[in-house]
Amino acid sequence: FQSIESFARKCEPQRVVLILDVSDNPQFHLSAYDFPSKEGAVPLGGLRSMPDVFCFPPDTNGEMKLRHWPTVASLIWESKRHYMAGLPVTLQHHFEPKLNTTYFLQLIGTKMTFLVMFDGARRKAGNGTVTRFISFVVESLNCQNIITMMKPPLD
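What you see is a predicted model, and the numbers here were worked out from it, not measured in a lab.

Student: So what's going on with the sheet that holds strand β5 (residues 112–119)? Residues and values would help.
Tutor: Pairing within the open sheet is antiparallel, and its five strands lie in the order β2-β1-β5-β4-β3. Each edge of the open sheet carries a strand with a single partner, namely β2 (52–56) and β3 (92–96). Averaged over all adjacent pairs, the angle separating strand axes in this sheet is 20°, with direction ignored. Note that β3 and strand β4 (residues 101–108) share five bridges and pair antiparallel. Bridged to Gln 92 within β4 is Leu 105. Strand contacts of helix α1 (residues 2–11): β1 (15–20), β2 and β5, with the helix running at about 50° to β2, the strand carrying the most contacts.

Next up, the structure:
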């Protein structure tokens, strides 16, 4: 969390968000999981199937979802199509002129997406500070640093 706060102070993103895809999980409801599962439970669909599980700063009035979620969802679905086609998962960059917003996002497996949004002037895709931060968070959430440290040295 400290790295997110530090990044937010330095780069001033509109939001830093972790999104969960629950489209095929009938046990997930926006208020909580149902255990044990209810018979006949229907998975959430559309934009509601991609809730934010972490948002900094918090989206207290829901403005972010109303304004940005259609664009964010389409970017996530596009990334997933590439992933399912066997293409490499890379950092995605998109500027939406109608919203005057730049989106940086990367899939974390098939169910999570890490998103950084900037309002205002277009941000370049090669912004080193942003790409290093996203890479650090995604690697941490994938436990890549821990796995690398645990590998035995090659002789």
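Student: Got a sec to walk through the packing of aromatic side chains? Specific residues and values, please.
Tutor: Within a pair of aromatic rings, the relevant descriptors are the distance that separates the centres and the angle that separates the planes. Throughout the structure, instances matching the rule amount to three aromatic pairs. Geometrically, the ring pair formed by Phe 7 and Phe 133 is stacked, given 3.9 Å between the ring centres and 5° between the ring planes. Here Phe 133 lies in helix α3 (residues 128–141) and Phe 7 lies in helix α1, a separation of 126 residues in the sequence. Across the pair, exposure class does not vary: Phe 7 and Phe 133 are buried alike. Here Phe 114 and Phe 133 contribute two aromatic rings whose centre-to-centre distance is 5.9 Å and whose plane-to-plane angle is 55°, an arrangement assigned as tilted. With Phe 114 in strand β5 and Phe 133 in helix α3, the pair connects residues that are 19 residues apart, well separated along the chain. Each member of the pair, Phe 114 as well as Phe 133, carries the same accessibility label: buried. Through pairs of rings, three or more aromatic residues link up here, namely Phe 7, Phe 114 and Phe 133. A cation sits over an aromatic face here: Lys 65 above Trp 69, 6.0 Å from the ring centre.

Student: Which residues make up the pairing of β4, and what values do they have?
Tutor: Within β4, eight of the eight residues are buried, which leaves it mostly tucked inside the rest of the structure. Of the two faces of β4, the one holding Thr 101, Tyr 103, Leu 105 and Leu 107 and the one holding Thr 102, Phe 104, Gln 106 and Ile 108 are both buried throughout. With antiparallel pairing between neighbouring strands as the criterion, β3 and β4 make up a hairpin whose turn holds four residues, including Asn 100 at a positive phi of roughly 55°. Between β4 and β5, which pair antiparallel and follow one another directly, the connecting turn spans three residues, one of which, Gly 109, has a positive phi of 70°.

Student: How would you sum up the packing of α1 against α3? Please name residues and give values.
Tutor: The description of two helices packed together rests on the angle between their axes and the distance between the axes. Following both chains from N to C, one finds α1 and α3 inclined at 170°, their axes separated by 12 Å at the closest point. Here α1 lies roughly antiparallel to α3, going by the angle between them. In this structure, α1 uses Ser 3, Ile 4, Phe 7, Lys 10 and Cys 11 to contact α3, whose residues at the interface are Thr 129, Val 130, Phe 133 and Phe 136. For the contact of α1 with α3, the residue count by class is six nonpolar, two polar and one charged.

Student: So, the side chain of His 68: which residues are in play, and what are the values?
Tutor: Tracing the backbone through its elements, the reader meets His 68 in helix α2 (residues 63–84). Only 2.6 Å separates the side chain of His 68 from the side chain of Tyr 103, close enough to count as a polar contact. For His 68, the residues in contact, after removing those within four places along its chain, are Gln 14, Glu 63, Leu 99, Thr 101, Tyr 103, Met 117 and Asp 119.

Student: Talk me through unusual backbone geometry; I want residue IDs and the actual numbers.
Tutor: Of the consecutive residues Phe 56 and Pro 57, the connecting peptide bond is found in the cis state with omega at -10°. Assignment of secondary structure puts Pro 57 in the loop between β2 and α2. Even without being glycine, Glu 12 reaches a positive phi, approximately 50°. Its location among the elements puts Glu 12 in the loop between α1 and β1.

What counts, and where the lines are drawn
Residues numbered from 1 in each chain as written. Predicted model: local features only at pLDDT ≥ 70, side-chain atom pairs only at ≥ 80, totals over all residues. Heavy atoms only, no water. Pairing = 2+ DSSP bridges. Helix = DSSP H or I, 4+ residues; strand = E, 2+ residues; numbered from the N terminus. Axes fitted to C-alpha atoms, helices over the stretch in contact; angles between N-to-C directions. Contact = heavy atoms within 4.5 Å. Phe/Tyr/Trp six-rings, centres within 6.5 Å; stacked < 30°, edge-to-face > 60°. Buried < 20%, exposed > 50% of the residue type's maximum accessible area, 1.4 Å probe, protein only. Lys NZ or Arg CZ within 6 Å of the ring centre and 35° of its normal. Parallel < 35°, antiparallel > 145°, perpendicular 65-115°, else oblique. Nonpolar A, V, L, I, M, F, W, Y, C, P; charged D, E, K, R; others polar. Polar contact = N/O pair within 3.5 Å; in protein donor to acceptor, adjacent residues only side chain to side chain.

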